[in-house]
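Structure at a glance
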Amino acid sequence: MSEETVHVVDDDDAFRDSLVWLIEASDHRVAAHPSAEAFLAVCRPEMAGCLVVDVRMPGLSGLELHDELKARGIDLPTIVVTGHGDLPMAVEAFRKGAVDFVQKPLDDAYVLGLIDRCLERDREARRRRERAKSVARRLATLSAREREVFDLVVEGKLNKQIADRLDISIKTVEVHRSRVMEKMEVTTVADLVRLRLDLEPAG
């Protein structure tokens, strides 16, 4: 897993350096990038952390960078930094999924609080993805019939209802159900339902 990093993307050298110093002083790892293009050259889907990006820059804007990351399947929580004249662009970024937008000059405490929120959001998203991968690996070990039983169990169907639906005996349902629980590494139906929920994207 990539080391958790706050990525600062801004073409204003003085502002970028000041923000890097502020974030480093709060014991976060920081990487500075002078343009959206420079960040795109090094970003990877497995990156952990968050992004602080200015809206208006030469070349790709912060909003265009946000769109490009989404297109690449990179979901770093993003804080948009805006000048007074760029508020409509920041609002558009917010509507597209940015965590928040802040106006220059920055309120240091507020920005640091936002960064902490973004980092925790990213940690939870990565934990959720790892859980989903683990569940998917276990699901792949089920036979086609076991998967049918799995789906019906998590829907809340009783053994008799499953037997009727699949046109098999209750005893056969019990055997399949036992194998499903073993392969999915759970002991209760509630645990099985939680695993199914882990496969669903966060709302």
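The notes below deal with the structure included here. No experiment lies behind these values; they were computed from the predicted model shown.

Criteria and cut-off values
Residues numbered from 1 in each chain as written. Predicted model: local features only at pLDDT ≥ 70, side-chain atom pairs only at ≥ 80, totals over all residues. Heavy atoms only, no water. Pairing = 2+ DSSP bridges. Helix = DSSP H or I, 4+ residues; strand = E, 2+ residues; numbered from the N terminus. Axes fitted to C-alpha atoms, helices over the stretch in contact; angles between N-to-C directions. Contact = heavy atoms within 4.5 Å. Phe/Tyr/Trp six-rings, centres within 6.5 Å; stacked < 30°, edge-to-face > 60°. Lys NZ or Arg CZ within 6 Å of the ring centre and 35° of its normal. 1 Å grid on protein atoms, 1.4 Å probe; cavity = no way out; pocket = protein on both sides within 12 Å on 5 of 7 lines; lining within 4 Å. Points joined across faces, edges and corners; volume = space filled by probe spheres on them. Nonpolar A, V, L, I, M, F, W, Y, C, P; charged D, E, K, R; others polar.

Some thoughts on the sheet that holds strand β4 (residues 78-82)
Paired through their backbone hydrogen bonds, the strands of a sheet run either parallel or antiparallel. If you trace the five strands from one edge of the open sheet to the other, you get β2-β1-β3-β4-β5, paired in parallel fashion. Edge strands, defined here as strands with exactly one partner in the open sheet, are β2 (30-33) and β5 (100-103). For this sheet, the mean angle separating the axes of adjacent strands, direction not counted, is 20 degrees. In this sheet, β2 lies alongside strand β1 (residues 5-9) in parallel orientation, the contact comprising four bridges. Residue pairing in the sheet places His 7 in a bridge with Ala 31 of β2. Across the face of the sheet, helix α3 (residues 62-71) comes into contact with β1, β3 (49-54) and β4 while running at roughly 145 degrees to β3.

Focus on the packing of aromatic side chains
Here the structure, examined in full by the defined rule, presents zero aromatic pairs. Directly above the aromatic system of Phe 15 lies the positively charged group of Lys 104, at a separation of 4.3 Å from the ring centroid.

Side note on empty space enclosed by the protein
For the structure shown, the criterion picks out one cavity of 30 Å³ or more. A volume near 70 Å³ is recorded for the largest cavity. In terms of lining residues, the largest cavity is bounded by His 66, Leu 69, Lys 70, Ile 74, Asp 75, Leu 76, Pro 77, Thr 78, Gly 97, Ala 98 and Arg 121. Among the elements that make up the lining of the largest cavity, the one with the highest residue count is α3 (three residues). Grouping the amino acids of the lining of the largest cavity by side-chain chemistry returns five nonpolar, three polar and three charged.

Looking at the layout of surface pockets
Counted as a void, the second largest pocket has a volume near 220 Å³. Lining the second largest pocket we find 13 residues, and of these Pro 45, Glu 46, Met 47, Arg 126 and Arg 129 sit closest to its centre. Each residue belonging to the lining of the second largest pocket can be placed in one class, and the counts come to five nonpolar, one polar and seven charged.

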